[in-house]
Amino acid sequence: MKTASVVASLVLVGTCALASSDSELLEKVKNSGVKPIPQSQLELLKLVDDPKNPITENKVELGKKLYFEPRLSKSGLISCNTCHNLGLGGADGVAAAVGHKWTANPAHLNSPTVYNSVLNKVQFWDGRSPHLEDQAQGPIQAGPEMAAPAELVVARVTSIPAYVEEFKKAYGDDVKIDFKLIADTIAIFERTLVTPSRFDKFLHGDLDALTPAEKEGLNLFVDKGCASCHNDIGLGGTMQPFQVAKKYKFASLGGFQGDENGMVKTPTLRNIEETAPYFHNGGIWSLADAVKEMGSTQLGISISNDDSKKIVTFLKALTGEKPDVSYPILPASTINTPKPDMN
Ligand code: HEC
Ligand code: HEC
């Protein structure tokens, strides 16, 4: 055999081995229960739509305005976007959320991201809300958040003729604008906030979509057992036991105990590099430290600095493409619009 062909066949063997280990990794990840965001628009729509109030362009556009609408709060200063800032990974970057009258969340709870929250099986850290429509009613009325009674919210919205027109356009001329419909419309906008990433391309079979270092981190992520809780399309979103092996380092901060069984909603890991600080009370700022803490609290293992860094390299590949959200121009108040109330 000539040297050149020996080299050629060695190279060939080399590439085959590489390719097959990549496809083995892909198989392994799929078997771990992690799933991609669908590639086809139709399948994606099926996944995020609610047949009881189907997504339409007019509803999404109105829902976006309401999402950015500070007049839904008592003070007229706080919108959903204050704490779930779409330019900041859908969160606020502070440990405990701050709302009406500069009040921090009484249980020191951190604002979860709204990106991909439609993929959660339940909403809130203790999973007390079943879906986004129900969830959206909570923060508007909650004292430490937007502090606006339902009647005030309806009075503000219906005092603005441009909003009434938009509701008619979205739902028909005989629409009844009540608090529930306002919350439902915000939820429809939230349903569109899904962020596909290079990791999804990999799961759809593009084996080059991740770098070798990201693949190494992904392999560790599965081998260490992370995917036993951070799985399905959201890499999170279900209730899981917390502090399985050991108490969380900052457990006493805020006193949150999970639901009645001590279970906590597993956060999505999509866009995780954008949403520090981490955990329900924002106790940990470094993603590498958060990974190590998971090893100790959830898996009863010690994850080395080196392995934790590698896992973080993979986690950063979960940063997705954000939908194009242009900042909406909101219609002017009228003389009948209830005034801001700072108390
Ligand atoms: C003052 C800050 C603040 C404001 C304003 C606010 N939120 Fe939140 N949001 C939070 C906090 C904190 C949580 C977690 C609370 C809990 O689990 O009890 C949360 C939870 C959520 C969740 C659940 C996500 C998950 O993964 O569990 C969604 C969805 C959400 N908010 C959407 C909204 C919408 C829509 C609005 C506007 C109507 C809004 N929020 C206004 C702070 C805020
Ligand atoms: C037994 C289930 C379980 C396992 C296993 C698990 N996690 Fe978690 N993870 C959770 C839960 C529940 C939380 C939320 C805990 C809290 O804040 O109270 C969480 C939180 C996190 C957070 C912080 C997210 C945020 O937005 O604040 C990161 C990062 C994370 N996990 C990564 C990992 C990694 C990496 C592994 C593997 C080394 C792992 N997890 C293993 C259930 C699990």
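Rules of the game
Think of each chain on its own: its residues are numbered from 1, step by step along the sequence as written. Following the order in which they are written, the chains are lettered starting with A and the ligands numbered starting with 1. Local features in this predicted model are restricted to residues whose pLDDT is 70 or higher, and side-chain atom pairs enter the listing and the counts only when it is 80 or higher, whereas totals over whole chains, interfaces and linings include all residues. Think of the side-chain values as coming from all heavy atoms in the structure, minus any hydrogens and water. A run of H or I in DSSP counts as a helix once it spans at least four residues, and a run of E counts as a strand once it spans at least two, with each numbered from the N terminus. In this analysis, two residues are considered to be in contact whenever any of their non-hydrogen atoms come within 4.5 Å of each other. Every accessible area reported is derived by Shrake-Rupley at a probe size of 1.4 Å, with residue values counting cover from the shown protein chains alone. In this tally, Asp and Glu contribute negative charge and Lys and Arg positive charge; neither His nor the terminal groups of the chain are included. Where a charge lies is defined by one atom per residue type: Lys uses NZ, Arg uses CZ, Asp uses CG and Glu uses CD. The donor set comprises N, O and S atoms within 2.8 Å of the metal, extended to 3.2 Å for Na, K and Ca; water molecules are omitted, so apparent gaps in a site may simply reflect that omission. Square planar and octahedral assignments, for four and six donors respectively, both demand that opposite donors be over 155 degrees apart and that all other angles lie between 65 and 115; tetrahedral needs four donors with all angles between 85 and 135 degrees, and anything else is irregular. Burial classification: accessible surface area is computed with a 1.4 Å probe over protein chains only, and a residue below 20% of its type maximum counts as buried, one above 50% as exposed, and the rest as partly exposed. UniProt positions are given in the numbering used here, feature names are shortened, and annotations may be inferred rather than shown by experiment. Contacts described as polar in this section are N or O atom pairs within 3.5 Å, which, within protein, must combine one atom able to donate a hydrogen with one able to accept it, while residues neighboring in sequence count only if both atoms come from side chains. An automatic or database domain assignment provides the domain bounds reported here. Once two parts are brought into contact, the accessible area they lose, counted with a 1.4 Å probe and summed over both, makes up the buried area. We call a residue near a molecule or strand when any one of its heavy atoms sits within 4 Å of it. Each residue gets one of three labels, nonpolar for Ala, Val, Leu, Ile, Met, Phe, Trp, Tyr, Cys and Pro, charged for Asp, Glu, Lys and Arg, and polar for the others, Gly among them. Lines are fitted to the C-alpha atoms to define the axes, a helix being fitted only along its stretch in contact, and any angle between axes, read from their N-to-C directions, falls within 0 to 180 degrees. Every angle not falling under 35 degrees, over 145, or within 65 to 115 is termed oblique; those three ranges are roughly parallel, roughly antiparallel and roughly perpendicular. Put simply, buried Ala, Val, Leu, Ile, Met, Phe, Trp, Tyr and Cys residues joined by side-chain atoms within 4.5 Å make one nonpolar core. Crossings are assigned a handedness: left-handed for a near helix turned anticlockwise from the far helix by less than a right angle, right-handed for a clockwise turn.

Draft legend 1. The overall build of the protein, seen in detail. Each helix and strand in the protein was counted, giving 12 helices and 4 strands. Counting only C-alpha atoms, the protein reaches 90 × 45 × 30 Å along its principal axes. A sequence separation of at least 24 residues applies to 73% of the contacts in the protein between residues at least 6 apart. Accessible surface for the protein amounts to roughly 16,500 Å². Of this, 58% is attributable to carbon and sulfur atoms. Looking at the protein, you have 35 positive and 40 negative side-chain charges, and the mean spots of the two groups are 3 Å apart.

Draft legend 2. Region of interest: the coordination of the iron atom of ligand 2. Here the iron atom of ligand 2 is held by His 230 (NE2) and Met 294 (SD), and the distances to it run 2.1 Å. One way to put it: the 6 donor atoms around the iron atom of ligand 2 meet at angles of 86 to 180°, and that makes the site octahedral. Of the two residues, His 230 is situated in the loop between helix 10 (212–224) and strand 3 (239–241) and Met 294 in helix 11 (residues 287–299); the sequence distance between them amounts to 64 residues. For His 230, a relative accessible area of 11% corresponds to the buried category. The exposure class assigned to Met 294 is partly exposed, which follows from its relative accessible area of 22%.

Draft legend 3. The arrangement of the UniProt feature "binding site: heme c 2" (unreviewed entry) in the protein in detail. Cross-referencing UniProt, the feature "binding site: heme c 2" (unreviewed entry) maps to Cys 226, Cys 229, His 230 and Met 294 in the present numbering. Spatial clustering of the annotated residues is evident: they stretch over 69 residues in sequence, but the largest pairwise C-alpha distance comes to 11.2 Å. Of the polar contacts made by the side chain of His 230, one reaches the backbone oxygen of Leu 235; its length is 3.2 Å. Once residues lying within four places of it in the same chain are set aside, the contact partners of Met 294 are His 230, Phe 242, Phe 279 and Leu 299.

Draft legend 4. Up close: the domain arrangement of the protein. Assigned domains of the protein: these are domain 1 (32–42 + 198–316) and domain 2 (49–191). Computed from C-alpha atoms alone, the centre-to-centre distance between domain 1 and domain 2 is 27 Å. Taking both partners together, domain 1 and domain 2 bury about 1,900 Å²; carbon and sulfur atoms supply 63% of that area. Counting the surface domain 1 buries against domain 2, the share from its top three residues, Phe 256, Lys 265 and His 280, is 25%.

Draft legend 5. Highlighting the coordination of the iron atom of ligand 1. The protein supplies the iron atom of ligand 1 with one donor atom, His 84 (NE2), which lies at 2.0 Å. Mapping His 84 onto the fold places it in the loop between helix 4 (80–83) and strand 1 (98–99).

Draft legend 6. Representation of the site of ligand 2 in the model. In the neighbourhood of ligand 2, 22 residues make up the surrounding shell, with Cys 226, Cys 229, His 230, His 280 and Met 294 lying closest. Phe 279 is positioned with one of its backbone polar atoms (N or O) 2.7 Å from an oxygen atom of ligand 2. In the environment of ligand 2, an oxygen atom lies 2.6 Å from a nitrogen or oxygen atom belonging to the side chain of His 280. Classifying every residue of the shell around ligand 2 by side-chain character gives 16 nonpolar, 6 polar and no charged.

Draft legend 7. Representation of the packing of helix 3 (residues 57–67) against helix 8 (residues 179–191) in the model. Two elements in contact, helix 3 and helix 8, have axes separated by 7 Å at closest approach and are oriented at 105°. Put simply, helix 3 runs roughly perpendicular to helix 8. Contacts between helix 3 and helix 8 involve Lys 59, Val 60, Leu 62, Gly 63, Lys 64, Leu 66 and Tyr 67 from the former and Ile 182, Thr 185, Ile 186, Ile 188, Phe 189 and Glu 190 from the latter. Across the contact of helix 3 with helix 8, the residue classes break down as 8 nonpolar, 2 polar and 3 charged.

Draft legend 8. Broad picture of the nonpolar core. Core analysis: the biggest nonpolar cluster contains 38 residues, and Val 29, Phe 199, Phe 202, Leu 218, Phe 221 and Leu 315 have the highest contact counts within it. When contributions to this core are tallied by element, the ones reaching two or more residues are helix 1 (3–31), helix 9 (198–203), helix 10, helix 11 and helix 12 (305–316). If near-sequence neighbours (up to four positions away) are discounted, Val 29 is found in contact with Val 34, Phe 199, Leu 203, Leu 218 and Val 222. Grouped together as the second largest cluster of nonpolar side chains are 31 residues, Leu 66, Tyr 67, Ile 78 and Tyr 163 included.

Draft legend 9. Focus on the packing of helix 5 (residues 132–141) against helix 8. The N-to-C vectors of helix 5 and helix 8 enclose an angle of 115°; their axes lie 8 Å apart at closest approach. Regarding helix 5 and helix 8, the two cross each other, and that crossing is right-handed. The residues of helix 8 that touch helix 5, namely those facing Leu 132, Glu 133, Ala 136, Gln 137, Ile 140 and Gln 141, are Phe 179, Lys 180, Ala 183, Asp 184, Ile 186, Ala 187, Glu 190 and Arg 191. Grouping the constituent residues of the contact of helix 5 with helix 8 by class yields 7 nonpolar, 2 polar and 5 charged.

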